[in-house]
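Listed below, chain by chain, are the residues.
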Amino acid sequence: MNELQRRVDELVTEFGGYWEPFQMLAAFVEEVGELADELLKVEGVKGAGDLGKLEEELGDVMFALACIANYYKIDLLDALGKSVEKYRERDRRRWPGNR
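Residues numbered from 1 in each chain as written. Predicted model: local features only at pLDDT ≥ 70, side-chain atom pairs only at ≥ 80, totals over all residues. Heavy atoms only, no water.

## A short note on the overall build of the protein chain
Short version of the rule: Here a helix means four or more residues in a row that DSSP labels H or I, a strand means two or more in a row labelled E, and each is numbered from the N terminus. We compute the radius of gyration over the C-alpha atoms and compare it with the globule rule, which gives 2.2 Å times the number of residues raised to the power 0.38. Only protein chains enter the accessibility calculation, which uses a 1.4 Å probe. A residue is then buried if its area is under 20% of the maximum for its type, exposed if over 50%, and partly exposed in between.
The helix and strand tally for the protein chain stands at four helices and zero strands. The secondary structure elements of the protein chain, listed N-terminal to C-terminal, are α-α-α-α. Taken against the 2.2 N^0.38 rule, which gives 13 Å for 99 residues, the C-alpha radius of gyration of the protein chain at 16 Å runs more than 25% over that of a compact globule. Its C-alpha atoms give the protein chain principal-axis dimensions of about 50 × 40 × 25 Å. Here the protein chain, with 99 residues, has 20% of them falling under the buried criterion.

This is the structure:
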């Protein structure tokens, strides 16, 4: 488990353990919604936002994602590495500079 996931695990354990999977999914979706709301503000679509709040919301999304990964004993860094390679191969021709 990577260092940040370990820190999340320590905190969640201190607080009494992980929620049930669908509760964690609901929390993740809620955090993604808050991230979307702040991004709309930062981009001037919906009021005014600031990058500090955007950073906070990104952190909240990552925390919620780490909880789900920890519950299933999935290392997020390994998962991300696999996704990068998947996109490298699958989407190579989709990017303007690689057509």
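## Comments concerning the pattern of salt bridges
Going by this rule: Salt bridge, as used here: a side-chain nitrogen of Lys or Arg that lies within 4 Å of a carboxyl oxygen of Asp or Glu.
Per the stated rule, a full pass over the model turns up ten salt bridges. The partner of R6 in a salt bridge is E3, with the nearest N and O atoms 2.5 Å apart. Taken together, the positions of R6 and E3, both in helix α1 (residues 3–14) and three residues apart, correspond to about one turn of that helix. R6 sits in the partly exposed class, given a relative accessible area of 32%. Here K46 and D37 are joined by a salt bridge, their closest N and O atoms 2.3 Å apart.

## Comments concerning the environment of V8
Test applied: Throughout, a residue-residue contact means that at least one pair of heavy atoms, one from each residue, lies within 4.5 Å.
Mapping V8 onto the fold places it in helix α1. Between the C-alpha atom of V8 and that of P96, which follows or precedes it by 88 residues, the distance is 38 Å. Contacts of V8, omitting those with residues within four sequence positions, involve Y18, F63, A66, C67 and N70.

## Some details on the packing of α1 against helix α3 (residues 51–71)
The test is simple: Angular values range over 0 to 180 degrees, each being the angle between N-to-C directions of two axes fitted as lines to C-alpha atoms, with helices fitted over their stretch in contact. By definition in this entry, angles of less than 35 degrees are roughly parallel, angles greater than 145 are roughly antiparallel, angles of 65 to 115 are roughly perpendicular, and the rest are oblique. Nonpolar residues are Ala, Val, Leu, Ile, Met, Phe, Trp, Tyr, Cys and Pro. Charged residues are Asp, Glu, Lys and Arg, and all others, Gly as well, are polar.
Relative orientation of the contacting elements α1 and α3 amounts to 85°, with a least axis distance of 9 Å. In this view, α1 runs roughly perpendicular relative to α3, as classed from their interaxial angle. In contact with Q5, V8, D9, L11 and V12 of α1, α3 contributes F63, A66, C67, A69 and N70. Partitioned by chemical class, the residues of the contact of α1 with α3 number seven nonpolar, two polar and one charged.

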